[in-house]
Amino acid sequence: MDRVSPWHDLLLSEVSWPELAAKAGTEGADWAPVLAQLVPSLVALGTIGTGAPAEKPVLSHNSLGPAKVRRGRQGLVVFGWEHAGGQPPSWELGDALVHWTVDPGRGVNVAGARTLVEGYHATAGSLPALGMDMFRGAVTSLANHTAGQIELALTAHDDEERRYANRSVRHLLTHLPTRATLEQLLDAVS
C-alpha cells in the first residue's frame, strides 16, 4: 500500500466541532446540548496521534468490527471489504480494539482486549508499537462518521429522514469513546 486511507488519516469535514455545535443549536436540534458538551472531548480525541510518524501502511479491512465477521465451516469469515485500503499496522490493531472491546457505555472488555492482542501477535508473529498513537485511525474515522451524520441530520429534507438522522446522531453522541476509555484500553493491553 502506498498511502493511508483518507477516512482514517484526514478529517474530511471543513467545519470544526464548535461550529457544528453552534449550527446544531441554531437549528434547534434536540441533541445540540449533548454535542456542545462533547466538544472538548471531541477536540481532545482529535489530537491523538497528531504529528506522530506512522508506520508504512498495509492492506487493511478498515471496518473490521463484529458486524463484519461470521463463523464459517472452517473458521471465521470476514466480509464487507468495500472500504479496504492502507492503514499502519498499529492503527489497524487500535481500530480493531476499539470496535471489538469498547462497549456502548464506554467500558473496556479487558479480557477481550488482551485476547485480541494475543491473537494478533500469534498470527502476525509480532506486535506493532502499542501507544495512544495506535488509536489515530479509529478516532479519525469516528470523527468523520459523526460529523457526516450530524451534517445529514442538519440538512434532512423531510420528517422521516430527519427523525432517522436525529436518532442516529443521538446514539453516536452518547456512545463515542473518550480519551480516558482509550487510555484504559491501552493499559489493558500494555
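Quick caveat: nothing in here was measured; it's all calculated off a predicted structure. (Residues numbered from 1 in each chain as written. Predicted model: local features only at pLDDT ≥ 70, side-chain atom pairs only at ≥ 80, totals over all residues. Heavy atoms only, no water.)

A separate point is the nonpolar core. Among the nonpolar cores identified, the biggest contains 20 residues, and Trp-17, Ala-24, Trp-31, Leu-35, Ile-150 and Leu-173 are the most heavily contacted of them. Setting aside residues up to four positions removed in sequence, Ala-24 forms contacts with Ala-29, Trp-31, Ala-32, Leu-35 and Leu-154. Val-98, Ala-113, Met-134 and Leu-182 belong to the second largest nonpolar core, which has 19 residues in total. (Core = buried A, V, L, I, M, F, W, Y, C linked by side-chain atoms within 4.5 Å. Buried < 20%, exposed > 50% of the residue type's maximum accessible area, 1.4 Å probe, protein only. Contact = heavy atoms within 4.5 Å.)

Together, Trp-7, Leu-10 and Leu-12 give the surface a local cluster of nonpolar side chains, amounting to about 290 Å² of exposed area. Looking at where Leu-12 falls in the secondary structure, it is placed in the loop between α1 (6-9) and α2 (17-27). (Patch = residues over 30% accessible without salt bridge, like charges linked within 9 Å, V, L, I, M, F, W, Y side chains within 5 Å. Areas by Shrake-Rupley, 256 points an atom, 1.4 Å probe, with all protein chains shown as cover. Salt bridge = Lys/Arg side-chain N within 4 Å of Asp/Glu carboxyl O. Helix = DSSP H or I, 4+ residues; strand = E, 2+ residues; numbered from the N terminus.)

This part is about the pairing of strand β2 (residues 69-72). By the bridge criterion, 4 bridges tie β2 to strand β3 (residues 75-78) in an arrangement that is antiparallel. Residue pairing in the sheet places Val-69 in a bridge with Val-78 of β3. What sits between β2 and β3 in their antiparallel hairpin is a turn of 2 residues. (Pairing = 2+ DSSP bridges.)

Moving on to unusual backbone geometry. Of note, Asn-62 is a non-glycine position whose phi angle comes to about 70°, a positive value. By secondary structure assignment, the location of Asn-62 is in the loop between β1 (58-60) and β2. Residue Asn-62 is classed as buried on the basis of its relative accessible area, which comes to 7%. Although it is not a glycine, Arg-106 sits at a positive phi angle of roughly 75°. Assignment of secondary structure puts Arg-106 in the loop between α4 (89-101) and α5 (110-124). Relative accessible area serves as the criterion here: at 25%, Arg-106 is assigned to the partly exposed category.

With that settled, the discussion passes to the side chain of Arg-136. Structurally, the position occupied by Arg-136 is in helix α6 (residues 136-154). In this structure Arg-136 comes out as buried when scored by relative accessible area, which is 17%. Here Arg-136 is in contact with His-8, Asp-9, Ile-48, Gly-49, Ala-52 and Trp-91, once residues within four sequence places are set aside.

For the structure on display, the rule yields 7 salt bridges. When the shortest N-O distance is used, the salt bridge between Asp-9 and Arg-136 registers 2.9 Å. One end of the pair, Asp-9, is in helix α1; the other, Arg-136, is in helix α6, with 127 residues separating them in the sequence. Among the salt bridges present, the one from Lys-23 reaches Glu-151, with a minimum N-O distance of 3.4 Å. Residue Lys-23 is found in helix α2, and its partner Glu-151 is found in helix α6; the two are separated by 128 residues along the sequence. By relative accessible area, which is 33% here, Lys-23 ends up partly exposed.

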